[in-house]
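Topology and contacts: notes
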Amino acid sequence: MKYREMGKLGIRASAFGLGCMRFNGPASGDSVIDEQKAIGLIRRAIDGGVTYLDTAYVYLDKTSEIVLGKALQDGYRDRVTIATKMPMEAVKNEEDMENLLNTELKKLQTDHIDFYLMHGIDRKKWEYFKSIGAPAFFDRKKAEGKIRYKCFSFHGSYEDYEYILKDYDWDMVQIQYNFMDVDNQAGKKGLELAGSMGIPVVIMEGLLGGRLSKAPDNVQALYDAFPVKRSPVEWAFRWLCNHPQVSVVLSGCNEAEQIDDNLRIFDTVESGIMNEDELRLMDSVRAAYLSRTKVGCTGCRYCMPCPNGVNIPGVFSAWNELSLYGGEPRYHWDLRGIRERGETPDKCVACGACEAACPQHLPIIEKLQQAWKEMQD
Ligand SMILES: NC(=O)c1ccc[n+]([C@@H]2O[C@H](COP(=O)([O-])OP(=O)(O)OC[C@H]3O[C@@H](n4cnc5c(N)ncnc54)[C@H](OP(=O)(O)O)[C@@H]3O)[C@@H](O)[C@H]2O)c1
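So, on to the overall build of the protein chain. Secondary structure summary: the protein chain contains 16 helices and 10 strands in total. By the compact-globule yardstick of 21 Å for 377 residues, the protein chain fits well, its C-alpha radius of gyration being 21 Å. By principal-axis analysis of the C-alpha atoms, the protein chain measures approximately 60 × 55 × 45 Å. Long-range pairs, those at least 24 residues apart, make up 74% of the contacts in the protein chain between residues at least 6 apart in sequence.

Attention shifts here to the site of the ligand. Near the ligand there are 27 residues, and of these Gly19, Ser153, Met204, Gly210 and Gly252 occur at the shortest range. Contributing elements (two or more residues each) for the shell around the ligand: strand E10 (246–252) and helix H11 (256–265). The residue makeup of the shell around the ligand, split by class, is 8 nonpolar, 15 polar and 4 charged.

What follows deals with the domain arrangement of the protein chain. It is common to give the size of an interface as the accessible area that goes away when the parts come together. The domains assigned to the protein chain are domain 1 (3–284) and domain 2 (312–375). For domain 1 and domain 2, the distance between their C-alpha centroids amounts to 30 Å.

Our next topic: the environment of Asn218. Within the secondary structure, Asn218 sits in helix H9 (residues 217–225). Between the C-alpha atoms of Asn218 and Gly49, which are 169 residues apart in sequence, the distance is 35 Å. For Asn218, the residues in contact, after removing those within four places along its chain, are Ala288 and Ser291.

Thresholds applied
Residues numbered from 1 in each chain as written. Predicted model: local features only at pLDDT ≥ 70, side-chain atom pairs only at ≥ 80, totals over all residues. Helix = DSSP H or I, 4+ residues; strand = E, 2+ residues; numbered from the N terminus. Rg over C-alpha atoms; globule rule 2.2 N^0.38 Å. Contact = placed C-beta atoms within 7 Å. Near = placed C-beta within 6 Å. Nonpolar A, V, L, I, M, F, W, Y, C, P; charged D, E, K, R; others polar. Domains from an automatic or database assignment.

Here it is, written out as structure tokens:
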């Protein structure tokens, strides 16, 4: 296992951090987590050198912290750092924060949390949390030793990210990043900004939730043609670890084989490891994925709100994702939400208001119909 510096904190962490959000039930599709299996996986990772574990109050129907707390008995707690997250949407005042933190400490069976994150904030939420005293609460808990580092996780726009990052004395930030998200969310620019401020960056969704582990034929052909053979997972993690600003790459694993594979990969990867040919390969891989994009919607939302309630950018984003990474429409998380809220393309009456507003001049009406045809199964 390679260990990497955590920016200004003066500590090191395992390059591979175990994400505790994806443990399965005893049978595939079960909503109840297989506790013994999950405990076994967590301890296997720690025995293999993992020192960084990531969970959150809400993961796995609020059971992830409990299972992690159990796994960290028998001396395991002292060997690792725990990152967990406050579910900020449940917070209205300091009393709520106090109660939540105490609950999390109890579930994790520990007297302190190493990395405490405001979970999935954007600029609007950040302003609200400031107004109810969340930063002062985090400062106080750090001074009391209940948390060691004040952090946030982020999925929003670069602009929001830069604003939040510069607005408080953060100890760490967790962002979504992988070779497909160079210009998405915080992106490469956001990674480099944190690096320039000495703020360590922990990466989530390094495999886009597993989607980058299965290469489509046009991508696999590129990997196969490269003189050195590596799996898509290895290429993705190697590319991430090549960035000096990355401290920890989280990966959620369901099987012992995945843990072992990741332990092997993270034993070999370090910053600056990729040569020019390898970097060119990853650029071609990105382009090959993007060649499967169905519609060039940038998600600017100028077309919204649709007078008939169609979630135009949401539909296009789900359609592109299905085309890029495969999968079945019925299991696509965003598409399920669109269906449940009745925001589907069949509501379109071709009024054309969206096309008049679209800065990309997309033939939205035609594309919506095409998307709807392909998204039903
Ligand atoms: N704060 C937030 O808002 C937020 C959001 C997302 C994630 N997170 C955290 O970040 C962690 C990492 O994100 P993630 O779980 O999405 O990571 P990820 O690495 O992008 O995806 C994990 C999935 O990749 C597949 N995988 C992992 N190792 C593999 C291997 N060696 N070979 C083949 N497939 C492999 C598995 O997919 P299969 O299940 O298909 O086998 C696994 O479930 C989460 O567990 C969670 O702790 C936080």
